[in-house]
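Structural features, examined
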Amino acid sequence: MYTFFVRSDDGSRFSIGDATVIDHDGLHGADEMNGKINLKTGKHALSLNFFQKEGGAGLDLDYEGPEITKQAVPAAVLFRLKKD
């Protein structure tokens, strides 16, 4: 079980595969929302979308899970699919 945290100023949505983990829609100041998902070992497609209307701007993605304390998702665990 992993918990993901999105802190955004205005709307954001975080998905893994076809599952929406966090839907933090609407106009709002910077605040955090979280969601949990069971993940098997291996690679997973993820998507983080946001919109900014006015005022402050910000977007952060943290996670925690087995043997992982809450922290920013490090670049070392991310990869980009090569498209043919």
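In the block above lies the structure referred to throughout.
First, a word on what this report is: a plain description of the structure on this page. (Residues numbered from 1 in each chain as written. Predicted model: local features only at pLDDT ≥ 70, side-chain atom pairs only at ≥ 80, totals over all residues. Heavy atoms only, no water.)

What follows covers the sheet that holds strand β3 (residues 19-24). Strand pairing in a sheet takes place through backbone hydrogen bonds and is either antiparallel or parallel in direction. Reading across from one edge, β3-β2-β5 is the order of the three strands in this open sheet, with antiparallel pairing throughout. Looking along the sheet, the strands with just one partner apiece sit at the ends: β3 and β5 (46-50). The average undirected angle you get between the axes of adjacent strands in this sheet is 10°. As paired strands, strand β2 (residues 12-16) and β3 are joined by five bridges and run antiparallel to one another. Residue Phe14 lies in a different strand from β3, and its bridge partner there is Ile22. (Pairing = 2+ DSSP bridges. Helix = DSSP H or I, 4+ residues; strand = E, 2+ residues; numbered from the N terminus. Axes fitted to C-alpha atoms, helices over the stretch in contact; angles between N-to-C directions.)

For the rest of this paragraph, the subject is unusual backbone geometry. Of note, the phi angle at Glu67 is positive, near 65°, even though the residue is not glycine. Owing to a relative accessible area of 87%, Glu67 belongs among the exposed residues under this scheme. (Buried < 20%, exposed > 50% of the residue type's maximum accessible area, 1.4 Å probe, protein only.)

For the structure on display, the rule yields two salt bridges. A salt bridge links Arg13 to Asp23; the shortest N-O distance between them is 3.3 Å. Linking Arg13 in strand β2 with Asp23 in strand β3, this pair joins segments that are ten residues apart in sequence. A salt bridge links Lys70 to Glu32, with the nearest nitrogen and oxygen atoms 3.2 Å apart. Taken together, the positions of Lys70 in strand β7 (residues 68-72) and Glu32 in strand β4 (residues 31-37) put the pair 38 residues apart, joining distant regions of the chain. Judged by relative accessible area, Lys70 falls into the partly exposed class, the value being 39%. Overall, Glu32 belongs to the partly exposed group, its relative accessible area being 38%. (Salt bridge = Lys/Arg side-chain N within 4 Å of Asp/Glu carboxyl O.)

Quick look at the pairing of strand β6 (residues 59-65) now. Sheet topology note: the strand β1 (residues 2-8)/β6 ladder contains six bridges and is antiparallel. Bridging across to β6, Thr3 finds its partner in Glu64. Pairing between β6 and β7: three bridges, direction antiparallel. Across the sheet, residue Tyr63 finds its bridge partner in β7, namely Gln71.

The subject of this paragraph is the nonpolar core. Membership of the largest hydrophobic core is limited to ten residues, which are Phe4, Val6, Phe14, Ile16, Val21, Ile22, Ile37, Leu61, Tyr63 and Val73. Only β1, β2, β3 and β6 provide two or more residues apiece to this core. Discounting residues that sit within four places of it in the chain, Phe14 has contacts with Phe4, Val6, Ala19, Thr20, Val21, Ile22, Leu46, Ser47, Leu48 and Leu61. (Core = buried A, V, L, I, M, F, W, Y, C linked by side-chain atoms within 4.5 Å. Contact = heavy atoms within 4.5 Å.)

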